[in-house]
Amino acid sequence: MVDRHLNTRFQRPVAPYNHAAFEQLCRHWDGRSPLVLDSACGTGESSAALAARHPEALVIGVDQSAQRLARGQRKLDATAAPRNLLLLRADATDLWALMAAHGLRLARHYLLYPNPWPKAEHLQRRWHGHPRLPDLLALGGALELRSNWALYAEEFAWALRRAGWQAEVEPVPPEGPALTPFELKYRASGHVLWRVRAAPQAGNTPVER
């Protein structure tokens, strides 16, 4: 499945609301600051933490749920929200495609909790089984996925290695700050947490779509 996605073009048209989100991104970005993407960010709590961690970058939190984003925005409005944070309502995979097609490249990309689609028949809905995997790869940058499911992390790392990336699976240090409410919940339940840290191999050209 990974090989097929790497060698074919996904034909689904990009929905209008995703074009609108991309246009909003372009209006907000100064064209110079590094770009950090937090895909499927939920309420954007993780995006706000990443904006504080990467003050030199524009951090973009993207989620498909307008309700979740609105709830997160209300919390941010009640605090000193980071000025380098942009929350967008979009399908992350369509946004990847638009960013890649317009030559945007990421400094960092985060794919955090929860893990999507645990059933085997839903493999194509996981990040590494999705037809937009080539667009994710085309964005480049240092990529980090977190999971409480070791097999999910191993699958993701395998798919990236298959595409010519460097990818390693390791435990998330338990003393480090939690990035999402799910991570806090999993830690409190005694789960071992995993992360994949990946980047394109030196000299490996990103997949152009």
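The shown structure was predicted, so the numbers you read here are calculated from the model rather than taken from an experiment.

Student: I keep staring at the nonpolar core and nothing clicks. Help me out?
Tutor: The nonpolar side chains of a soluble globular protein tend to be buried with one another. Leu37 and Met99 are the most contacted members of the largest nonpolar core, which has 42 residues in total. Residues contacting methionine 99, with those up to four places away along its chain left out, are Phe22, Leu25, Leu35, Leu37, Leu104, Arg105, Leu106 and Leu139. Counting 18 residues, the second-largest nonpolar core is a separate cluster that includes Cys41, Ala48, Leu87 and Leu112.

Student: For this particular structure, what's the right way to read the environment of aspartate 91?
Tutor: Following the sequence through the fold, aspartate 91 ends up in the loop between strand E3 (85-89) and helix H5 (92-101). Judged by relative accessible area, aspartate 91 falls into the buried class, the value being 14%. Separated by 27 residues in sequence, aspartate 91 and glutamine 64 have C-alpha atoms that sit 5.2 Å apart. Each residue touching aspartate 91, except ones within four places of it in the same chain, is listed here: Arg12, Tyr17, Asn18 and Gln64. A polar side-chain atom of aspartate 91 sits 2.6 Å from a polar atom in the side chain of threonine 93.

Student: Help me understand unusual backbone geometry, please; the structure alone is not making it clear to me.
Tutor: Glycine aside, a negative phi is what most residues show, and trans is what most peptide bonds show. One non-glycine residue, alanine 40, lies in the positive phi region at around 55°. Locating alanine 40 in the fold gives a position in the loop between strand E1 (35-39) and helix H3 (45-53).

Student: Can you walk me through the pattern of salt bridges in this structure?
Tutor: Two side chains with opposite charge may pair up if their charged atoms get near one another. On inspection of all chains with the given rule, the structure shows 13 salt bridges. Here arginine 162 makes a salt bridge to aspartate 3, at a shortest N to O gap of 2.7 Å. Taken together, the residues arginine 162 in helix H7 (residues 150-162) and aspartate 3 in helix H1 (residues 2-6) connect sequence positions 159 residues apart. A salt bridge links glutamate 170 to arginine 197; the shortest N-O distance between them is 3.2 Å. Taken together, the residues span a long stretch of sequence, with glutamate 170 in strand E6 (residues 165-171) and arginine 197 in strand E7 (residues 194-200) at a distance of 27 residues. Glutamate 170 gets classed as partly exposed once you look at its relative accessible area, which sits at 25%.

Student: Got a minute to help me understand the pairing of strand E4 (residues 108-111) in this structure?
Tutor: It is a general feature of regular strands that their side chains alternate between the two faces of the sheet. Pairing of E1 with E4 involves 4 bridges; the strand directions are parallel. Bridge pairing links serine 39 to leucine 111 in E4. Two elements, E4 and strand E5 (residues 142-147), share 4 bridges in a ladder whose sense is parallel. Pairing of histidine 109 across the sheet is with leucine 143, part of E5. Since E4 and E5 lie parallel, the crossover through helix H6 (residues 133-138) that links them has a hand, and here it is right-handed.

Student: How do you make sense of the packing of aromatic side chains when you look at a structure like this?
Tutor: The geometry of an aromatic ring pair is captured by the separation of the ring centres together with the interplanar angle, meaning the angle of the planes. Scanning all chains against the criterion turns up 4 aromatic pairs. Here the aromatic rings of tryptophan 96 and tryptophan 127 are separated by 5.3 Å at their centres, their planes lie at 50°, and the arrangement is tilted. With a gap of 31 residues between them, tryptophan 96 in helix H5 and tryptophan 127 in the loop between E4 and H6 connect regions that are remote in the sequence. Each member of the pair tryptophan 96 and tryptophan 127 is classed as buried. Where phenylalanine 182 meets tyrosine 186, the ring centres are 6.4 Å apart and the plane angle is 35°; that geometry is what we call tilted. Taken together, the positions of phenylalanine 182 and tyrosine 186, both in helix H8 (residues 181-188) and 4 residues apart, correspond to about one turn of that helix. Taking relative accessible area as the criterion, phenylalanine 182 reaches 33% and is therefore assigned partly exposed. A residue is classified by how much of its surface remains accessible, and tyrosine 186, at 11% relative accessible area, is buried. Among the aromatic residues, those joined into a cluster by ring pairs are Tyr113, Phe182 and Tyr186.

Conventions we followed
- Residues numbered from 1 in each chain as written.
- Predicted model: local features only at pLDDT ≥ 70, side-chain atom pairs only at ≥ 80, totals over all residues.
- Heavy atoms only, no water.
- Core = buried A, V, L, I, M, F, W, Y, C linked by side-chain atoms within 4.5 Å.
- Buried < 20%, exposed > 50% of the residue type's maximum accessible area, 1.4 Å probe, protein only.
- Contact = heavy atoms within 4.5 Å.
- Helix = DSSP H or I, 4+ residues; strand = E, 2+ residues; numbered from the N terminus.
- Polar contact = N/O pair within 3.5 Å; in protein donor to acceptor, adjacent residues only side chain to side chain.
- Salt bridge = Lys/Arg side-chain N within 4 Å of Asp/Glu carboxyl O.
- Pairing = 2+ DSSP bridges.
- Right-handed = clockwise from strand over helix to strand, strands pointing away.
- Phe/Tyr/Trp six-rings, centres within 6.5 Å; stacked < 30°, edge-to-face > 60°.

Remember, this is a structural readout, not a statement about activity or role.
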